[in-house]
Amino acid sequence: MKIPYRFSLLFLITVILSTPQPIKSNTNPDYPCKPPQYNSYTFCNTSLSISTRAKSLISLLTLTEKINQLSNTASSIPRLGIPSYEWWSESLHGIATNGPGVSFNGSIPSATGFPQVLLTSASFNRSLWYKIGYALSVEARAMYNSGQAGLTFWAPNINIFRDPRWGRGQETPGEDPMVVSDYGVEYIKGFQGDGQNELRVSACCKHFTAYDLESWRNYSRYSFNAVVSEQDLKDTYQPPFKSCIQDGKASCLMCSYNQVNGIPACANEGLLQQARTEWGFQGYITSDCDAVGTIYEYQHYVQSPEDAVAVALKAGTDINCGSFLVRNTQSAIEQGKIKEEDVDKALFNLFLVQLRLGLFDGNPIKGKYGKLGPHNVCTTEHKKLALDAARQGIVLLKNDNKFLPLKRHSISSLAVIGPMANDTSKLGGGYTGIPCKPKSFTDGFQAYEVNTTFVSGCLDISCSSTGGFAEAVQIAKEADVVIAILGLDLSQETEDHDRLSLLLPGKQMDLIDAVSKVSRRPLVLVLTGGGPLDVTFAKEDPRIASILWVGYPGEAGGESLAEIIFGDFNPGGRLPITWYPESFTSVPMNDMSMRADPSRGYPGRTYRFYSGDEVYGFGHGLSYTNYTYKFVTAPNRISLSGSTIKADSGKDKPSQKSDGLDYVHIDELMSCHDINFNVKLSVINNGDMDGSHVLLLFSRSQRKLKGAANRNLIFYDRVHTKSNEETEINILIEPCRHLGIVNEQGHNVLPLGNHILMLEGLEHSILIDT
């Protein structure tokens, strides 16, 4: 949520002047509708509808008071007893220090630090995602009650991880639209609560839309124009946001900095109104910071600041992170660019969310969530959840000759090498707060009472010198097992900073080579960071027995890694992203096309469309046990009878189209429900360890429509399997949703012919015909 440089000074001054003084211990939040002076207003009457209350509040405000609400730091209205309110708090994977809404200077000095989102998504576990969202909401409310946070949090980030160089890919659930959608829905449901009109806290889906470039060559997120086809928009970029609204019922959307097909996202009426009118969005839309200003200052889309105000408010942006609307809305009205009614529409959306949060219901300490406080933060339960999330997400990429797990009683000494190995400050990645009691990776190993020696080898992750190599080589010679912990940190990938290379930074490869030459046994390589890495050298080197990806594992990272390496937890994480070779860096990062185009040497993106070589594929992940699979029951044919297709459809009936494939438009079908079918799968754990195992079921159409994916993930689940036992899973396949595709015109169609279901090398064919 960084802001463009030219805005930063003014913006920060505004935040500093409008942010309350440092919070002291045991401070409760200020609130409107205090008795006896301020509780008689209509907007305080809880027996009325929130719509009536919002309209009443707006009617009492002067124009100046209205305009002063259009910033993330909304001004107080003393004559009505309404205190200032800070909209900007962050909770991506823990209550974070980003933004002025959160302070750890009070009775709550820390909050649970869960793994960064990409690692959590590698668990492919919906119930885990929900539990994390719920835990975050409890800690958020507790901090609000202690006067240390707001109630409106700008998370989750549900952009597609499209390009491996993206500095913020770590914040997302990965590259698959269904997984990203599901993560967003589970997070929001857990975070906001189950009430339709009531919110425990407010979640915000960001960044709307097609945002996934920070700074690459001459392209900047503040001015980048994302040129996206209707096909890509509908089947890749938009599904997470549609699900966020329709299934998750998110109460906030954040429009992004970039343009989408020539129109700034925060001025894109077609996109923002689609969310409200087609998808049923009921909430407020905030700009990224200071994305309304960039419309004029960076993108030169309009001729004046007042024009930027006008296009943003009319498009549907309700609030500006920053002071741009506060500074320029009055003159926009005076110049006739907008009317006061345009401001009222924005305020109505803002106040509705505040009312749903109970901000105008009196003393929050006496409300439904009033008992939440410091004792509900960093609880034993939440810390165990953070540990379980890290365990479930860590991915075992390589394990030659079953080198792992280590048998602790046969290992007397470990050499732990790498600048991240003994550092707790970087375990969380971006958007991190102050974690409860973080443990470093070295701490985790030492808990197993194995003689553990640590050296950094490199001064830092950039590893620009060999100065520390000699010491690393020396301890590697003396230890029974060497564990090298290398990879990425926020100096390599973060907001406003994309990578140029997919290789390990600096001389990290040289360090691995140096210690592997002298170690008694093949070493274990542990990779940190969110972005994919080209570690082909390690994948192919027999001196490197095992490779694990730990991402940014959060406060429990040290404990979780040690548990996996010593076999107290059987790894089951799967990569939620494709790991590309270094040659992929020749692909222009500004090319938003998902589909491969051989005519211009373009390989496509993500496992769904990429046609090139992989280092490790989407869904790759090993276990300490081995599994076999089978289709127990599945139909061979699904018939679309004549009565299933609308007789009066204006579109062509199933026929041979110009692209050479038969299909029906999904909106021609009278009932998609009638063609749903069940499949029963079996997984057999053939090893001597129980395992928490991820099943991934893909599909592809045998006769490929132009632009169709190579394959699509249509089902996934994490199931507990017992040693030497069979587990059966029943799943429902919905052809309209799971087997349909988006054609070049942006229409949802269901291909006829054979559809191939794919499960870990097994295939089952289902014929769909009329």
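Rules used throughout
- Residues numbered from 1 in each chain as written.
- Predicted model: local features only at pLDDT ≥ 70, side-chain atom pairs only at ≥ 80, totals over all residues.
- Heavy atoms only, no water.
- Helix = DSSP H or I, 4+ residues; strand = E, 2+ residues; numbered from the N terminus.
- Expected span 1.5 Å × (residues − 1).
- Buried < 20%, exposed > 50% of the residue type's maximum accessible area, 1.4 Å probe, protein only.
- Salt bridge = Lys/Arg side-chain N within 4 Å of Asp/Glu carboxyl O.
- Phe/Tyr/Trp six-rings, centres within 6.5 Å; stacked < 30°, edge-to-face > 60°.
- Lys NZ or Arg CZ within 6 Å of the ring centre and 35° of its normal.
- Pairing = 2+ DSSP bridges.
- Axes fitted to C-alpha atoms, helices over the stretch in contact; angles between N-to-C directions.
- Contact = heavy atoms within 4.5 Å.
- Disulfide = S-S within 2.5 Å.

By the naming in an unreviewed UniProt entry, the protein is Fibronectin type III-like domain-containing protein, taken from Papaver nudicaule.

What follows concerns helix 13 (residues 340-356). Residue pairs spaced three or four apart in an α-helix point in one direction, given the helix's 3.6 residues per turn. Given a rise of 1.5 Å per residue, 17 residues ought to cover 24 Å, and the 24 Å separating the end C-alpha atoms of helix 13 matches this to within 8%. Of all 17 residues making up helix 13, 12 are buried, and the element is well covered by its neighbours. Buried residues of helix 13: D342, V343, A346, L347, N349, L350, F351, L352, V353, Q354, L355 and R356, and no others. Immediately beyond the C-terminal end of helix 13, within one or two residues, lies G358, with a positive phi of roughly 80°.

Here the focus is the pattern of salt bridges. The final tally for this structure, using the stated rule, is 39 salt bridges. For R53, the salt bridge goes to D361, with nearest N and O atoms at 2.9 Å. Placement of R53 in helix 2 (residues 50-59) and of D361 in the loop between helix 13 and helix 14 (380-393) is noted, with a sequence separation of 308 residues between them. Each of R168, E171, E214, R221, E495 and D496 takes part in salt bridges that share partners, so that together they form one network.

Applying the stated criterion across every chain, the model contains 30 aromatic pairs. In textbook terms, an aromatic cluster arises when at least three aromatic residues are bridged by ring pairs, as seen for F124, W129, F153, Y183, Y187, F191, Y607, F618, F698 and Y716. Just above the ring of Y616 sits the side chain of K539; from NZ or CZ to the centre is 4.8 Å. Above the plane of the ring of Y602 lies R600, whose end atom (NZ or CZ) is 4.3 Å from the centre.

The next subject is the sheet that holds strand 9 (residues 263-264). Strand order in the open sheet made by the three strands is 6-8-9, with mixed pairing throughout. Edge strands, defined here as strands with exactly one partner in the open sheet, are strand 6 (225-226) and strand 9. Sheet analysis places strand 6 next to strand 8 (residues 259-260), joined by two bridges and oriented parallel. Looking at strand 8, one finds that N225 is bridged to Q259.

As a further point, take the sheet that holds strand 15 (residues 523-528). As a general point, the strands of a sheet are linked pairwise by backbone hydrogen bonds and lie either parallel or antiparallel. Spatially, six strands are ordered 11-16-15-14-12-13 in an open sheet, and the strand pairing comes out mixed. In this open sheet, the two strands that pair with only one neighbour each are strand 11 (395-399) and strand 13 (451-455). Strand-to-strand twist across the sheet, computed as the mean angle between neighbouring axes with direction ignored, equals 20°. Direction of pairing for strand 12 (residues 413-417) relative to strand 13: parallel, over a ladder of five bridges. In the strand pairing of strand 13, L414 is matched with T452. Along the sheet, helix 17 (residues 508-518) makes contact with strand 12, strand 14 (481-487), strand 15 and strand 16 (544-551), crossing strand 14 at roughly 175°.

Our focus in this paragraph is the state of the cysteines. Under the counting rule described, the total for this entry stands at eight disulfides. Across a sulfur-sulfur distance of 1.9 Å, C458 and C463 are joined as a disulfide pair. For the disulfide bridge between C458 and C463, the dihedral angle about the S-S bond is near -45°, and by the sign convention the bridge is left-handed. Neither C458 nor C463 differs from the other in exposure class; each is buried. The partner cysteine of C672 in its disulfide is C736, sulfur to sulfur 2.0 Å. Disulfide C672-C736: torsion about the S-S bond near -90°, hence left-handed. In this pair, C672 sits in the loop between strand 20 (662-665) and strand 21 (677-685) while C736 sits in helix 21 (residues 735-739), placing the two residues 64 residues apart along the sequence.

In the sheet, strand 20 pairs with strand 26 (residues 748-751) via three bridges, with the strands oriented antiparallel. Residue pairing for strand 26: Y663 is matched across the bridge by P751. In the sheet, strand 25 (residues 741-742) pairs with strand 26 via two bridges, with the strands oriented antiparallel. Residue pairing in the sheet places I741 in a bridge with V749 of strand 26. Counted along the chain from strand 25 to the antiparallel partner strand 26, the turn is five residues long, and its residue G746 has a positive phi close to 85°.

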